[in-house]
Every structure is written in structure tokens, then in C-alpha cells.
Amino acid sequence: MKYIKQLKNNKSQILESWLKKQRDEKIAVGISFDEEETREYSEQIVNLLIDSIEGENLDIVNSPDFYSLIELLKEVSFSRARQGFTPRETGNFVYTLKETIFEILVKEGDQQPLHFFVALSRIMDNLAIHTFETFIKGREEVILRQTDEISEISTPVIKVWDGILALPIIGTLDSARTQTVLENLLEKIVETESSIAILDISGVPAVDSLVAQHLLKAVSATRLMGADCIISGIRPEIAQTIVHLGIDLSQIVTKATLASALKHALRVTNIELKANQKK
């Protein structure tokens, strides 16, 4: 078909015009532009797209002829998601290519059949959808990885003395986070053969019935591992909330501060600290 031949004859012009649109867009929003890298994958995309379009597959949006192009777009989109590109920038990445192709075909002077423009538009829109879906998956993976890293950082199990562990909890406890806290704590108890674990909740903003249940589960699991548990960091407002909710912590040692809990733990383990007397 004549219009497909025009695409193939104007391949280099399409590439240069598309690169200019990408460059102008990034400069406008103040994003650094790696021209060499952008040219490399842009050229691959233009070549794959134009070489894949044939008269027989023009009306088949999900034709196997476009699979290699779709995989390349997914790879580029996933990379952009990890680099922090916005959804708008990722969407415009494909739509500026579509705009470029239409502009060049119109400049050729011959009036193209409406059917061709509609079919080509559907193909480009389908490519954009694949690109955007992959971008979202890439962003979700980044968020999940960051969430796991933050969770690890916010639930460190610290060996404060031989046989004594401390777990300062920062932020709200939910079911998933409680599971992480328990796993880290129990593994550390086994590893260090500790007999006392201190759960410090001074960094927990509020305690409701659900948070209290998670704390009780942590205490029970700790006891099953043969270690005693002390809860510290109970502020006056949290104490009032616990009493108001009718939660029974009478069987658990509680302290107002981590220092008080550590002092109690040292006393229970018969460890005595003496100040160094200067002569």
C-alpha cells in the first residue's frame, strides 16, 4: 500500500522529529536528557513499528507481528518507572510518536484514507496501553520494595546486653507489619539465646484494640520461645486508652520508658552495673 511505503521511506525523518519532541518536552519540564540512550531505544522502536506494519495486519491490533515491539516498550517503560518518570511523561512517550507519524504523513501531500489513520491510531493506542500498564507494574514493584526496606529499618531488633533484646516499634502496627516484627524478633531470640525481649512502643502514635491484640500476640509468641517480654514506652494517653478498651495487661511487665525496662531486665537477669569511681 502506498501509505505504508511512505512510512518506510520517511523512517529517518520520523525518528528525528520524534527525538526533537522528546527533547523539547524534557527541557520544558527541566528533566535531564540523555540523547545517546534515548536515540538508541527510540530508533529500535521506530524500526520495529514501521517494519511490522503490513497491509494484512493493519486491522489486527494484537497481531503477533507487534510482539517484539510491545516487549521493547515494556522494557523501556519499566526502566522509566524505576527512574522516577511520571505517568504523564510515560504516556506522552508513545503519543508523541503517534503525533509525529501523522504529521509527516500529512506533509506528504497525498490525502491518506481515513481507514488507514483510524487503524494506525488504534495500533498506537494499544501500544500506549501496554506501555502504561507496564509502567504501573514497575512503580508498584518500586513501592513494594521501598515498603519492605522501610519496614526492615523501622523494626530493628537490638541486642542491648547478653540475653536481652530490645525492639523499638515506630509507626502503626497492622497485621502484615506485626508478622514482620514477630519473625524478626523470634529469629533474633533463637540466634542470641536471649531470655528477655523488650517491646518499646514509645514510637507508636496510638493504641487501639487491634494494635493491643497484635502486641499480645507478640508477647505470647515470645513466651513460647522461652523468653520473657517487657512492654515499655506506655505514655499516659496510651495507658488511658488501654484501660478504656478493657484490655488486660496485668500478666505482662510494663514500663513507662525503655530505660526503666532495661533496668528491670538487668535486675531480673542478676546483672549489676557499677559506676566507675574516679580517683
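Rules used throughout
Along each chain, residue indices are assigned from 1 in the same order as the chain's sequence is written. Owing to the predicted nature of the model, reporting of local features is limited to residues with pLDDT of at least 70; listing and counting of side-chain atom pairs is limited to 80 or more, with chain, interface and lining totals taken over all residues. To obtain the side-chain values, all non-hydrogen atoms of the structure were included, while hydrogens and water were left out. Labels follow the DSSP assignment, with helices taken as runs of H or I lasting at least four residues and strands as runs of E lasting at least two, numbered in each case from the N terminus. Burial classes follow relative accessibility: with a 1.4 Å probe on protein chains only, a residue under 20% of its type's maximum area counts as buried, one over 50% as exposed, and anything between as partly exposed. Any Lys or Arg side-chain nitrogen found within 4 Å of a carboxyl oxygen on Asp or Glu counts as a salt bridge. To obtain an axis, a line is fitted to C-alpha atoms, over the contacting stretch when the element is a helix, and the angle between two such axes runs from 0 to 180 degrees between their N-to-C directions. Roughly parallel covers angles under 35 degrees, roughly antiparallel covers those over 145, roughly perpendicular covers 65 to 115, and oblique covers all other angles. Whether a crossing is left-handed or right-handed is set by the direction in which the near helix is turned from the far one by less than a right angle, anticlockwise for left-handed and clockwise for right-handed. Any two residues whose heavy atoms approach within 4.5 Å are treated as being in contact. Two strands pair if DSSP finds at least two bridges between them. Charged means Asp, Glu, Lys or Arg here, nonpolar means Ala, Val, Leu, Ile, Met, Phe, Trp, Tyr, Cys or Pro, and polar covers whatever is left, Gly included. Without a salt bridge and with relative accessible area above 30%, a residue can belong to a patch; like charges are then joined within 9 Å and nonpolar side chains (Val, Leu, Ile, Met, Phe, Trp, Tyr) within 5 Å. All accessible-area figures derive from a Shrake-Rupley calculation using a 1.4 Å probe, and residue coverage is judged against the displayed protein chains alone. Helix span is expected to be 1.5 Å times the residue number reduced by one. Throughout, the arc means that of the directions going from the helix axis to the C-beta atoms. Here the term right-handed applies to a crossover when the path leading from its first strand over the helix to its second strand runs clockwise, the strands being oriented away from the viewer.

Quick look at the overall build of the protein chain
Helix and strand counts for the protein chain stand at 10 helices and 5 strands. Residues counted as buried form 42% of the 279 residues belonging to the protein chain.

Description of the pattern of salt bridges
Throughout the structure, instances matching the rule amount to 10 salt bridges. The salt bridge involving Glu-103 is made with Lys-21; its shortest N-O contact spans 3.4 Å. Placement of Glu-103 in helix 5 (residues 87-107) and of Lys-21 in helix 2 (residues 11-28) is noted, with a sequence separation of 82 residues between them. A salt bridge links Glu-237 to Arg-235, with the shortest nitrogen-to-oxygen separation between them at 2.9 Å. Overlapping salt bridges bring together Lys-21, Glu-99 and Glu-103 as one network.

Some words on the packing of helix 3 (residues 35-52) against helix 5
Relative placement of two packed helices is described by the angle separating their axes and the distance separating the axes. Where helix 3 meets helix 5, the closest approach of the two axes is 12 Å, and the angle between their N-to-C directions is 55 degrees. Taken as axis vectors, helix 3 and helix 5 run oblique relative to one another. Seen from above, helix 3 lies across helix 5 with right-handed handedness. The residues of helix 5 that touch helix 3, namely those facing Tyr-41, Ile-45, Val-46 and Leu-49, are Phe-93, Leu-97 and Ile-101.

Side note on unusual backbone geometry
Peptide bonds are trans in most cases, and residues, glycine excluded, mostly fall at negative phi. For Glu-193, which is not glycine, the phi dihedral falls at a positive 55 degrees. Looking at the element boundaries, Glu-193 is found in the loop between helix 7 (175-192) and strand 3 (196-203). The class of Glu-193 is exposed, set by a relative accessible area of 69%.

Focus: the sheet that holds strand 1 (residues 158-161)
Spatially, 1-2-3-4-5 is the arrangement adopted by the 5 strands of the open sheet, whose pairing is mixed. Since the sheet does not close on itself, it has two edges, and those belong to strand 1 and strand 5 (253-255), each with one partner. Across the sheet, the mean angle from the axis of one strand to that of its neighbour is 30 degrees, orientation sign disregarded. Judged from the 3 bridges that link them, strand 1 and strand 2 (residues 164-170) form a sheet pairing that is antiparallel. Residue pairing across strands places Lys-159 opposite Leu-165, the latter belonging to strand 2. Along the sheet, helix 8 (residues 209-224) contacts strand 2, strand 3 and strand 4 (228-232); its crossing angle with strand 4, the most-contacted strand, is approximately 150 degrees.

Observations concerning the packing of helix 7 against helix 8
It is at 10 Å that the axes of helix 7 and helix 8 come closest, and there the two elements cross at 20 degrees. Taken together, the axes of helix 7 and helix 8 lie roughly parallel to each other. Crossing of helix 7 over helix 8 shows right-handed handedness. In this structure, helix 7 contributes Ser-175, Thr-178, Leu-182, Leu-185, Leu-186 and Ile-189 to the contact, and helix 8 contributes His-214, Lys-217, Ala-218, Ala-221 and Thr-222. Classifying every residue of the contact of helix 7 with helix 8 by side-chain character gives 6 nonpolar, 4 polar and 1 charged.

So, the environment of Phe-135
Residue position: Phe-135 is located in helix 6 (residues 114-154). Measuring from C-alpha to C-alpha, the distance between Phe-135 and Thr-86 comes to 9.2 Å, with 49 residues separating the pair along the chain.

Some words on a nonpolar patch on the surface
A cluster of nonpolar side chains, namely Ile-158, Val-160, Trp-161 and Leu-273, defines an oily patch on the protein surface of about 330 Å² accessible area. For Val-160, the location among the structural elements is in strand 1.

With respect to helix 3
Here helix 3 contains 18 residues, and its C-alpha end-to-end distance of 25 Å stays within 8% of the 26 Å for a straight helix at 1.5 Å per residue. Buried within helix 3 are the following residues: Thr-38, Tyr-41, Ser-42, Ile-45, Val-46, Leu-49, Ile-50 and Ser-52. For helix 3, the arc enclosing every buried residue in end-on projection is 160 degrees, short of the 170-degree limit, so these residues lie on one face.

Quick look at the environment of Lys-20
Looking at the secondary structure, you find Lys-20 in helix 2. Assessed through its relative accessible area of 48%, Lys-20 is described here as partly exposed.

Digging into the pairing of strand 2
If a strand is regular, its side chains alternate between the two faces of the sheet. Along strand 2, 5 of the 7 residues are buried, which leaves the element largely enclosed by surrounding structure. Hairpin connection between strand 1 and strand 2: a loop of 2 residues separates the two successive antiparallel strands, and Gly-163 in this loop has a positive phi of roughly 85 degrees. Pairing geometry for strand 2 and strand 3, over 6 bridges, is parallel. If you follow Leu-165 over to strand 3, its bridge partner there is Ala-197. Read from strand 2 through helix 7 to strand 3, the crossover connection turns out right-handed.

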